[in-house]
Amino acid sequence: MKSYLITLIVIITTALAAMMSLAAIGVYACLECDVLPFQESKIAALTPDVETVILGDSSIGYGLDAKIFSELSHQKTVSLALTGYNYGIGGAYVLLTEVLSHVRPRNVLIALSAQTLAVEMSKLKGKPIRGLVQAARRHPRLLFTVNREISWDVAKEIGVEIFDEQLLMDGIAYVRGVRPVIADDFFKYDYYAPGTDVVQLDGSFTYSLGAPSHDYDVFFQKIARLCNANGLNCIFMYGPLMQKVVEHSQLTFQMLTSQIERAGIKVIRQSPIEIPDEDQGNTINHIQPRLRAAYTKKAYDLVADSLR
Amino acid sequence: MLFNSVAFIFVFLPATLLIFFLVAKASRVAALCCLTVASLIFYAQTDSRYLLILVPSILANYLIGSALSGERLGDNGRFAIVTFGIAANLACLFTFKYLDLFIDTIDRLNLADIGLLHIELPLGISFFTFTQIAFLVDAYQRKVSEPRFVNYALFVSYFPHLVAGPILHHAEMMPQFSAEGTFRPRLENFAVGLSVFFIGLFKKVILADHLAPHVHRIFDAAGQGTGLSALEGWSGALFYALQIYFDFSGYSDMAIGLSLLFGVRLPLNFNSPYKAVNIIEFWRRWHMTLSRFLRDYLYIPLGGSRAGEARRLANVMIVMLLGGLWHGASWTFVIWGGLHGLYLMVNHAWQMLIGEKRTRSRLSVLAGRLVTFLLVTVAWVFFRSPTLDTALSIAKSMFGLGALLVPIDPASSILPSSDVAAIAAAAMAIVWLMPNTQEIMSLYQPALNAPRQADTGSLPFLWRPTIACAAIVGTAAIASLATIIFEKRVGDFIYFQF
């Protein structure tokens, strides 16, 4: 009976451990991570002549063309924009760490929508933590060195992910040789392919963003420390935002600016680039794709004096 | 809490086992207390408010049972007490389970206009009520007595049987709760108990739960007025026959396996019912402890077969109608019970006509099994359907009344996918061709009242504590656990709703 029980328990625990390991490999494989592997591939290909790195969310991913910015600034510029709710400032922190393991740019421009920073992490159903785990899967140390709350949330997220069926399948696929496929659109647009439709807001939409969350302060502090330690010129600007929201959210920007600057990062202007109705894209912080060059110029004009 | 949930398998069960055996080293009474508290915690996980019904019910029945066991009351007093006890239990069951049906029926008959009370059905109320009624009757008949409150509370609330049976007899459980061997962990009990548990888990998670979505689609479509073809109707009914078989069989195995981990053998509740060659035999194999309860506490007190054949057949019908109603507060359950009552009456009448043959040809056995299975399957349609209209719609389609034989457009039909059909075919083969869990485990007799295997050598599979058996059981366990953990597929047991 003893050997039977031992065999049974060994079979079950080994198989479950193997499945959990495969799911962990699935996390590492990141087969469904879309923009993240694309930006990581750009980091891997960075050369020492890169002078400006842009980190941020979709407001800048769609709103800024790195080639045009390079021409305007006469500095080789790379945009590494991810998305807001899924990665946000946490993703920017991880990508900056990864950039610094390859090159030392002079300028780091962080551009996030105030909308992203106004929502508490707990209200985003674990998205920022999931994104952080994805982004930092090659640097697991980063996951547990932010602060205790983030470490706990990360541990819980990993606890969920190692029992996730899709990640188990991804892990099996990765072991079989499947690798993330980066869609051609990413190379074409240097980001997701933009949509041309216009956001429709219902009557219940409140244009005021409300009080900003403090959940992200720790990431700004981490970035500021990295910038200081590596002698980088790190600056922050708000991503473009619907004009009406900007008009109704001045207090939010004031508080956010104060938080970011307290963390040690210079904020270029206390208010985002406004998107008038005729320029509005498919969300309140996206512009129409045809206006990318014009908004790149606006962004450049805003930060030009602050670039080294 | 469900037996097939991660919290139960990986947290509740190991913790309860560990605490029970550790405490048992110091004190048996304390160990029984721990097991009782664990059972109440298990019960409260679904909804802690249910404890407000279970705990007073245990207390009241214990006090009534104690009064019945004592010597102070005369015969009339004891009769009054047991009558009160049974009536109180039935009143409680009626209030929580049948009052809304009663009100609804009155409203529909335009006898009064009373709004439904929407009373929530406490988990397992039918089971613990019947268990306690049996105890009161046995105590009244001086077959049992229980002076120890903790033992009684554990007998009723013991988590392996609490929410879906088996319905226990005090006499078969109490000696085990007192036996010295119960309080010592035994490797044999762990090996056999875990194996039976994992076999049950496999039946539930891999077989029953994979058949459930197709059943749901068919009954849902019929409920929404979609006209089904005969093929679709039969697929729904047959799949449900298999789903409920593996759901209940799986649950029963898991309950027996879990209990054996604590050194306690539960009575057999399920013995390959679809291998029955007639409906009388079916009821000796399906939900055996309910059949036993209905026989001992309803059929025999009604007169059983002692008052002539006509009365016997009438008693059978009464028992089956009430047995149907026991399953749920809906007229569809009464019709299901009535159908089985009718089958049993015909079966008894047939046996009266031709006599009960002891020897049967292989062909007659096959024909008997097939006819019994089909009759049971037709009756399941009423058991599963939420409304009478749904049941009639499916039944009509099955018998080709106003329905096509096959769907006109296969693309828009509600037929099972090929992989689900393959699972159903495998399930059917297991039902008819494989030995059941008790037969496989017959060398170790994990359940009480299991029929003795005359010739274990004739069985194709016989469990022994070998590496090969560990590999087979381990594979079944991994398949089930992986489904629970990774697919997050944790389906309720059908019998939990009763």
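Scroll up for the structure.
To start, this report covers the structure provided alongside it. Predicted model only: the values in this text are computed from it and were never measured. (Residues numbered from 1 in each chain as written. Chains lettered and ligands numbered in written order. Predicted model: local features only at pLDDT ≥ 70, side-chain atom pairs only at ≥ 80, totals over all residues. Heavy atoms only, no water.)

1. Regarding the overall build of chain B
Working step 1: When its secondary structure is counted, chain B shows 19 helices and zero strands.
Working step 2: Taken across its 498 residues, chain B has 56% of its residues classed as buried.
Working step 3: By sequence separation, contacts in chain B at least 24 residues apart represent 76% of the contacts at least 6 residues apart.
Working step 4: For chain B, the exposed surface amounts to about 21100 Å²; the carbon and sulfur share of it is 66%. (Helix = DSSP H or I, 4+ residues; strand = E, 2+ residues; numbered from the N terminus. Buried < 20%, exposed > 50% of the residue type's maximum accessible area, 1.4 Å probe, protein only. Contact = heavy atoms within 4.5 Å. Areas by Shrake-Rupley, 256 points an atom, 1.4 Å probe, with all protein chains shown as cover.)

2. Notes on the nonpolar core
Residue and element names in this part refer to chain B.
Working step 1: In terms of nonpolar packing, the biggest core is built from 254 residues, with Phe3, Phe8, Tyr274, Trp286 and Trp380 touching the most fellow members.
Working step 2: The biggest single contributor to this core is helix 9 (residues 187-223), with 19 residues.
Working step 3: Look past the residues within four positions of Tyr274 in its chain and what remains in contact with it is Ala241, Ile244, Tyr245, Phe282, Trp286, Arg369, Phe373, Val376, Trp380, Val431 and Trp432. (Core = buried A, V, L, I, M, F, W, Y, C linked by side-chain atoms within 4.5 Å.)

3. Looking at a nonpolar patch on the surface
Residue and element names in this part refer to chain B.
Working step 1: Together, Leu231, Leu405, Val406 and Leu415 make up an exposed nonpolar region whose accessible area comes to about 350 Å².
Working step 2: Relative to the assigned elements, Leu231 resides in helix 10 (residues 230-261).
Working step 3: Judged by relative accessible area, Leu231 falls into the partly exposed class, the value being 40%. (Patch = residues over 30% accessible without salt bridge, like charges linked within 9 Å, V, L, I, M, F, W, Y side chains within 5 Å. Salt bridge = Lys/Arg side-chain N within 4 Å of Asp/Glu carboxyl O.)

4. Notes on the interface of chain A and chain B
Working step 1: Across the contact, 18 residues belong to chain A and 27 residues belong to chain B.
Working step 2: When the two sides are added together, the surface that chain A and chain B hide from each other amounts to roughly 1800 Å², 85% of it contributed by carbon and sulfur.
Working step 3: Where chain A touches chain B, the interface holds zero salt bridges.
Working step 4: In this structure, the connection of chain A to chain B is made through four residue pairs in polar contact (both at pLDDT 80 or more).
Working step 5: Of all elements in the fold, only helix 1 (2-29) and helix 10 (165-175) of chain A reach the threshold of two or more residues within the side of chain A that touches chain B.
Working step 6: In terms of residue count, helix 1 of chain A provides more of the side of chain A that touches chain B than any other element does, twelve residues in total.
Working step 7: Residues belonging to the side of chain A that touches chain B are distributed by class as follows: 14 nonpolar, one polar and three charged. (Buried area = accessible area lost by both parts, 1.4 Å probe. Polar contact = N/O pair within 3.5 Å; in protein donor to acceptor, adjacent residues only side chain to side chain. Nonpolar A, V, L, I, M, F, W, Y, C, P; charged D, E, K, R; others polar.)

5. A closer look at the side chain of Asp209(B)
Residues and elements named next belong to chain B.
Working step 1: Here Asp209 lies in helix 9.
Working step 2: Of the polar contacts made by the side chain of Asp209, one reaches the side chain of Lys204; its length is 2.9 Å.
Working step 3: The contacts of Asp209, once residues within four sequence positions are left out, are Asn4, Lys204, Arg489 and Gly491.

6. Side note on the side chain of Ser397(B)
All names here are of chain B.
Working step 1: By the element assignment, Ser397 lies in helix 16 (residues 388-398).
Working step 2: Here Ser397 falls in the buried class, since its relative accessible area comes to 2%.
Working step 3: What Ser397 contacts, discounting residues up to four positions off in sequence, is Leu228, Ser229, Ala230, Gly233 and Ala403.

7. Some thoughts on the sheet that holds strand 4 (residues 233-238) of chain A
Residue and element names in this part refer to chain A.
Working step 1: Spatial strand order, 2-1-3-4-6: five strands in an open sheet with parallel pairing. The open sheet terminates on both sides in strands that have one partner only, identified here as strand 2 (77-79) and strand 6 (266-267).
Working step 2: Packing of helix 14 (residues 250-263) onto the sheet brings it into contact with strand 4 and strand 6, and relative to strand 4 it is tilted by some 165°. (Pairing = 2+ DSSP bridges. Axes fitted to C-alpha atoms, helices over the stretch in contact; angles between N-to-C directions.)

8. Notes on the pattern of salt bridges
Working step 1: For the structure on display, the rule yields 23 salt bridges over all chains.
Working step 2: Lys76(A) serves as the salt-bridge partner of Asp49(A), at 3.5 Å between the closest nitrogen and oxygen. One end of the pair, Asp49(A), is in the loop between helix 2 (35-44) and strand 1 (52-56); the other, Lys76(A), is in the loop between helix 4 (66-73) and strand 2, with 27 residues separating them in the sequence.
Working step 3: Relative accessible area serves as the criterion here: at 36%, Lys76(A) is assigned to the partly exposed category.
Working step 4: Residue Arg295(B) is joined to Asp296(B) by a salt bridge in which the shortest nitrogen-to-oxygen separation is 2.8 Å.
Working step 5: Look at the salt bridges and you will find they share partners, linking Glu40(A), Glu98(A), Arg137(A) and Arg138(A) into a network.

9. Comments concerning the state of the cysteines
Note on terminology: a disulfide is the covalent bond linking the sulfur atoms of two cysteines.
Working step 1: Considering all chains together, one arrives at two disulfides over all chains under this definition.
Working step 2: Residue Cys30(A) pairs covalently with Cys33(A) via a disulfide, S to S 1.8 Å. What sets the handedness of the Cys30(A) and Cys33(A) disulfide is the S-S torsion sign, and at about -80° it is left-handed.
Working step 3: For Cys33(A), a relative accessible area of 6% translates into the label buried.
Working step 4: Disulfide partner of Cys227(A): Cys234(A), at an S-S distance of 1.8 Å. As the torsion about the S-S bond is roughly -90°, the Cys227(A)-Cys234(A) disulfide counts as left-handed.
Working step 5: Taking only the cysteines that form disulfides and numbering them from first to last, chain A has the pattern 1-2, 3-4.
Working step 6: Cys34(B) forms no disulfide, and the closest cysteine sulfur to it belongs to Cys33(B), at a distance of 7.0 Å. (Disulfide = S-S within 2.5 Å.)

10. Let's talk about the packing of aromatic side chains
Working step 1: Taken as a whole, this structure holds 69 aromatic pairs over all chains when the rule is applied.
Working step 2: Judged by centre distance (5.1 Å) and plane angle (80°), the ring pair of Phe205(A) and Tyr207(A) falls under edge-to-face.
Working step 3: Given a relative accessible area of 26%, Phe205(A) falls into the partly exposed group.
Working step 4: Centre to centre, the rings of Tyr245(B) and Phe270(B) are 5.1 Å apart; their planes meet at 75°, and the pair counts as edge-to-face. Here Phe270(B) lies in the loop between helix 10 and helix 11 (279-285) and Tyr245(B) lies in helix 10, a separation of 25 residues in the sequence.
Working step 5: Between the NZ or CZ atom of Lys204(B) and the centre of the ring of Phe493(B), over which it lies, the distance is 4.8 Å. (Phe/Tyr/Trp six-rings, centres within 6.5 Å; stacked < 30°, edge-to-face > 60°. Lys NZ or Arg CZ within 6 Å of the ring centre and 35° of its normal.)

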